[in-house]
Amino acid sequence: MNDNDNLIPQPKSRFLRIKCLNCGAEQIVFGCATVEVRCFVCDKQLVQSTGGKARILTKISDVLS
Ligand SMILES: [Zn+2]
């Protein structure tokens, strides 16, 4: 059992608008995406998959509920 995961409530089933820090392009990603997401303009990695949780590597500019 793992009780160490309750530090930050992670938004579930939300869409996030993220902004690429490299080129400024924005795109919408699923908040609990489990696949890597790359910027469609410059190919910079924006979301890293960490075994079930998405780790956002760039700036979140909005959360769409
Ligand atoms: Zn980019």
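Residues numbered from 1 in each chain as written. Predicted model: local features only at pLDDT ≥ 70, side-chain atom pairs only at ≥ 80, totals over all residues. Heavy atoms only, no water.

How would you explain the sheet that holds strand 4 (residues 45-49) if you had to name every residue and give the values?
Sheet architecture is open: 3 strands sit in the order 3-4-5, paired in antiparallel fashion. Among the strands making up the open sheet, the edge pair consists of strand 3 (37-38) and strand 5 (54-56). (Pairing = 2+ DSSP bridges. Helix = DSSP H or I, 4+ residues; strand = E, 2+ residues; numbered from the N terminus.)

I'd like to hear about the pairing of strand 4, residue by residue, with values.
As paired strands, strand 3 and strand 4 are joined by 2 bridges and run antiparallel to one another. Note that in strand 4 the partner of valine 37 across the bridge is valine 47. Joining the antiparallel neighbours strand 3 and strand 4 is a turn of 6 residues, in which aspartate 43 adopts a positive phi near 70°. With 3 bridges connecting them, strand 4 and strand 5 associate as antiparallel partners.

Outline the confidence of the model for the chain, supporting the account with residue identities and numerical values.
Summary statistics for the chain give a mean pLDDT of 82 and a share of 77% for residues scoring 70 or more. The least confident element of the chain is strand 5, whose mean pLDDT is 85; the most confident is strand 3, at 94. (pLDDT = per-residue confidence, 0-100.)

Describe the packing of aromatic side chains, naming the residues involved and giving the relevant values.
Tallying each qualifying case throughout the model produces 1 aromatic pair. With centroids separated by 5.0 Å and ring planes inclined at 55°, the aromatic side chains of phenylalanine 15 and phenylalanine 30 adopt a geometry described as tilted. With a gap of 15 residues between them, phenylalanine 15 in strand 1 (residues 15-19) and phenylalanine 30 in strand 2 (residues 26-30) connect regions that are remote in the sequence. Judged by relative accessible area, which is 41%, phenylalanine 15 ranks as partly exposed. (Phe/Tyr/Trp six-rings, centres within 6.5 Å; stacked < 30°, edge-to-face > 60°. Buried < 20%, exposed > 50% of the residue type's maximum accessible area, 1.4 Å probe, protein only.)

Residue-level account of the coordination of the zinc ion, with values.
Donor atoms from the polypeptide that bind the zinc ion are Cys20 (SG), Cys23 (SG), Cys39 (SG) and Cys42 (SG), placed at 2.3 Å. Its 4 donor atoms give the zinc ion angles of 103 to 118° at the centre, a pattern that matches the tetrahedral case. Written as a sequence motif, the donor arrangement for the zinc ion is C-x2-C-x15-C-x2-C. Here cysteine 42 lies in the loop between strand 3 and strand 4 and cysteine 20 lies in the loop between strand 1 and strand 2, a separation of 22 residues in the sequence. (Donors = N, O, S within 2.8 Å, 3.2 Å for Na, K, Ca; no water. Tetrahedral: all angles 85-135°; square planar, octahedral: opposite > 155°, others 65-115°.)

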